[in-house]
Each structure stands twice: as structure tokens, then as C-alpha cells.
Amino acid sequence: MIIKKSELNAVLDKLLAGYQVYAPVKEGNYAVFKQIANGGQAYLGYSNSKIPPKGILFPQSEKLYSYSVTAEGARVEEHIDGSKKVVFGIRPCDAKSITLLDFVFNNDKYTDPYYMTRRNNTVLVGLGCNQPAPTCFCTSMQSGPFASEGMDVMLVDIGEGYVAQALTDKGKELLAGLGLPEASADDQKAAEDVKAAAVVSCQVNTEGLKAKLDAGFDDPVWNRIYEKCLGCAACTYLCPTCHCFDIVDDAVDCNGCRVRNWDACMFPLFTLHGSGHNPRPSGKERWRQRVMHKFKYFVDNFNATACVGCGRCIKNCPVNLDIREVLADILGSEARLDK
Ligand code: SF4
Ligand code: SF4
């Protein structure tokens, strides 16, 4: 099928009749995913959003349930969000990141009803990357500029319009409701040409990385990697795969609510015990945890790497600590860190 760019706003308006629609919206020099009120707000000319769209399914701050205790007894009210949503224009790396979050929130030990209710009611409409950014290294992380993992529909920008392909039943249902025309043979050819022309220039060598980490908990490399880190956690908050959270009660007496907030392993308080002991007392242990979690523990647990190569941590670190160079350093090419 084809969505002409001149008709994109009308298509999004049509979706708005049945779904909450989230799309990239331009804010200053960057794009962020927001719930839109009309099709004209969507901005698909973006490279990658400043903040990943993971917050649509796993909000930065989320009220799980409210409770109150009165003379009549206790009352608990769960806050499960079952609204139908479309995330329109999600990039391949971010769509893949959601498949990784699925491992965490829906596995043989635990199913998170808050995340999974949203997930099951959300359709992901992906947008391939015609021009990957210089900081993208998705092809080194089992993804790519036109990888479709996690998407229900894939869009390919061919200039005048978007060739749309349904990849799942959810995607078929969504497209069927839009009454779109079929893509012509020329449109399909243009989409194939666009895919073939997309180049990810940055490659990151991960050969032997897991074995190195398996044996490398006490490797001297950890003594230097973290040295210029400020502990601001921008890298973790902006990472589409990071998913650590804290749960707090916001209550007066016995009345209040239980709230889940994003947390980050780069913060000293993350592992501070009530006794005052902190098993990760410095940036050394915190950086080691960040790398180990993404490239060893997640692989051990789910047979997948918890990095999709989106480049956000590279673009947004205030001291230019580059995870590509960190991985190279772990693998033994220290020269990259000294350049
Ligand atoms: S963004 Fe940079 S400075 Fe901030 S915690 Fe991450 S590595 Fe450290
Ligand atoms: S670690 Fe960095 S490059 Fe990898 S997914 Fe997270 S933000 Fe993106």
C-alpha cells in the first residue's frame, strides 16, 4: 500500500478516530514522541528522537495503584492503561528495543500487567532509515536501517510517499481500516532501491566480547573506563533498552498511591543499602554494571544484547564517553580511547 505524503495528515487523523496516536513531534532542534491531537503535528523528517519512545509503554513515572484505608475498610484501585495506541514512525532500532523490553516484562518468571496491557493494545508503525546518522551502529547489534523486528507495519519513504507493508495481524487490521491504495510496481521498486542505498557507516566489533566479559569482572580496564563519567545518567535515561526502575509510596497516613519511576545504574543511590553500605561505591563499579548488564547478563538471561546501536548515549553524554570506544577498549584496542 502507499501513503502519499500529501495525504499523511488525513491518514493520521483517521487513525485518531480509533486510537491514541503517538508520533515524533518537532521541538526546537530535535524530535520527541508525543501523543498528537491532529495529523499536522507529526514530523517524520527526523533522524532519531531525542528521547526513545519506550516511555509510551513503560512511562518514566507511573501510578500503579491507589489505596485508602477508612473505618469501612481498605480500598485498592489499580491503574491499568488499556487504551488502544498507535506509535507512528518508530525507527527500527527503537522497535527492536521494545522486543527486548518484552523479555524483561513478560517472561517465565513474571508478567508485568501494566507494561503488557499497553503492549498488547499498541500497534507499532515503523519507519525505515534512509540516511542513518554517523552515530548509528545498528547493523553491529543485530538490527539495521530497514530491519522490521518488533514492527507491525513498516513504512519506506520513497520521496512522494511511504510504501506501507503490514507485518503482523495487528498491522494488517490497521492498514485495512485506512482504505489505502495499493503500491504500484514502480513504488515497490523505489522502496527496494531506497533500502539498498541506506548505509550504516559505523561498525562496532563485538567478536569475542561476551567471552571477554565472562572472564573480565576484575579486568583492569574498569579502572579507567569510567574516569571522566559525571554520573548524570543521561546515557541510561535516553537508552531505549534501559529499564531499571524504583517503586515508591506517595502517601499520607494510609492513603496514597504506589508509583514506579525510572531509575539508573549510573546513580550512586541506585544500590545504596539502608545500612549505608554501597556495593557499587564508585563510577568504576557502575560503568562495569552498565556494560555487563547490556553485553553479558542480558545475553545470559535472554540470548540477546541489550543495545540496539541507536547512538543516543554517544550523542548526549556531556563528556563524550563513547560506548563504541569503551567496547573497543574492553576488546583490547586502547588506542581508540586515547585519540
Ligand atoms: S551520560 Fe556520560 S557522564 Fe552521564 S552517566 Fe552516562 S557516561 Fe557518565
Ligand atoms: S547503549 Fe547507547 S547505543 Fe546502545 S541502545 Fe542504549 S543508548 Fe542506544
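In what follows, the structure referred to is the one given above.
These remarks concern the structure in this document. This one's a predicted model, so the numbers in the text were calculated from it and none came from an experiment.

1. Overview of the overall build of the protein chain
Helix and strand counts for the protein chain stand at 12 helices and 11 strands. The globule rule puts the C-alpha radius of gyration for 339 residues at 20 Å, and the 22 Å found for the protein chain is close to it. Taken along its principal axes, the extent of the C-alpha atoms in the protein chain is 70 × 65 × 40 Å. Long-range pairs, those at least 24 residues apart, make up 70% of the contacts in the protein chain between residues at least 6 apart in sequence. On the protein chain, roughly 16,000 Å² of surface is accessible, and the fraction owed to carbon and sulfur atoms is 50%. The average position of the 38 basic charges and that of the 40 acidic charges among the side chains of the protein chain differ by 3 Å.

2. Some details on the nonpolar core
Leu15, Phe88 and Leu155 are the most contacted members of the largest nonpolar core, which has 61 residues in total. Per-element tally for this core: the top contributor is helix α2 (residues 92–105), with 7 residues. If you look at the next biggest cluster of nonpolar residues, it comprises 27 residues, including Ile225, Cys265, Cys313 and Ile323.

3. With respect to the sheet that holds strand β3 (residues 30–35)
Read from one edge to the other, the open sheet built from 7 strands follows the order β1-β9-β8-β7-β6-β2-β3, with strand pairing classed as mixed. Among the strands making up the open sheet, the edge pair consists of β1 (2–4) and β3. The average undirected angle you get between the axes of adjacent strands in this sheet is 25°. Across 5 bridges, the pairing between strand β8 (residues 153–157) and strand β9 (residues 161–166) is antiparallel. Bridging from a neighbouring strand, Met154 pairs with Gln165 of β9. Each of β1, β2 (20–27), β6 (85–90) and β9 is contacted by helix α1 (residues 8–16), which is oriented at about 155° to β6, the strand it contacts most.

4. Overview of the site of ligand 2
Contacts to ligand 2 come from Phe137, Cys239, Pro240, Arg290, Lys294, Cys307, Val308, Gly309, Cys310, Gly311 and Cys313. Class assignment of the residues belonging to the shell around ligand 2 gives a composition of 7 nonpolar, 2 polar and 2 charged.

5. Considerations on α2
Spanning 14 residues, α2 covers 20 Å between terminal C-alpha atoms, matching the ideal 20 Å at 1.5 Å per step. The buried fraction of α2 is high, at 13 of 14 residues.

6. Points about the sheet that holds strand β11 (residues 255–262)
As summarised here, the arrangement of the 4 strands in space is β5-β4-β11-β10, forming an open sheet in which the pairing is antiparallel. Across the chains shown, the open sheet's two edge strands, defined by having one partner strand only, are β5 (73–78) and β10 (245–252). Between one strand and the next, the sheet's axes are offset by a mean angle of 20°, whatever the strand orientation. Relative to β11, β10 is paired through 8 bridges, and the arrangement is antiparallel. By the bridge assignment for β11, Asp246 is matched with Asn261. Across the face of the sheet, helix α3 (residues 113–120) comes into contact with β4 (61–70), β5 and β11 while running at roughly 125° to β4.

7. Quick look at the pattern of salt bridges
For the structure on display, the rule yields 21 salt bridges. For the salt bridge of Lys296 with Asp300, the shortest nitrogen-to-oxygen distance reads 2.9 Å. Here Lys296 and its partner Asp300 are both found in helix α9 (residues 283–302), 4 residues apart, which amounts to about one turn of the helix. Residue classification places Lys296 among the buried residues on the basis of a relative accessible area of 14%. The partner of Asp322 in a salt bridge is Arg324, with the nearest N and O atoms 2.7 Å apart. On the basis of relative accessibility, which here comes to 9%, the residue Asp322 falls in the buried class. Looking at Arg324, the relative accessible area reads 13%, which means it is buried. By sharing partners, the salt bridges in this structure join Glu62, Asp81, Lys85, Asp112, Arg118 and Arg260 into a single network.

8. Points about the environment of Cys138
Inspection of the secondary structure puts Cys138 in the loop between β7 (122–127) and β8. As a C-alpha pair, Cys138 and Ile158 span 20 residues in sequence and 21 Å in three-dimensional space. When sequence neighbours within four positions are dropped, the list of residues in contact with Cys138 reads Ser143, Gly144, Pro145, Val200, Val308 and Gly309.

About the criteria used
- Residues numbered from 1 in each chain as written.
- Chains lettered and ligands numbered in written order.
- Predicted model: local features only at pLDDT ≥ 70, side-chain atom pairs only at ≥ 80, totals over all residues.
- Heavy atoms only, no water.
- Helix = DSSP H or I, 4+ residues; strand = E, 2+ residues; numbered from the N terminus.
- Rg over C-alpha atoms; globule rule 2.2 N^0.38 Å.
- Contact = heavy atoms within 4.5 Å.
- Areas by Shrake-Rupley, 256 points an atom, 1.4 Å probe, with all protein chains shown as cover.
- Lys, Arg positive; Asp, Glu negative; His and termini not counted.
- Charge placed at Lys NZ, Arg CZ, Asp CG, Glu CD.
- Core = buried A, V, L, I, M, F, W, Y, C linked by side-chain atoms within 4.5 Å.
- Buried < 20%, exposed > 50% of the residue type's maximum accessible area, 1.4 Å probe, protein only.
- Pairing = 2+ DSSP bridges.
- Axes fitted to C-alpha atoms, helices over the stretch in contact; angles between N-to-C directions.
- Near = heavy atom within 4 Å.
- Nonpolar A, V, L, I, M, F, W, Y, C, P; charged D, E, K, R; others polar.
- Expected span 1.5 Å × (residues − 1).
- Salt bridge = Lys/Arg side-chain N within 4 Å of Asp/Glu carboxyl O.

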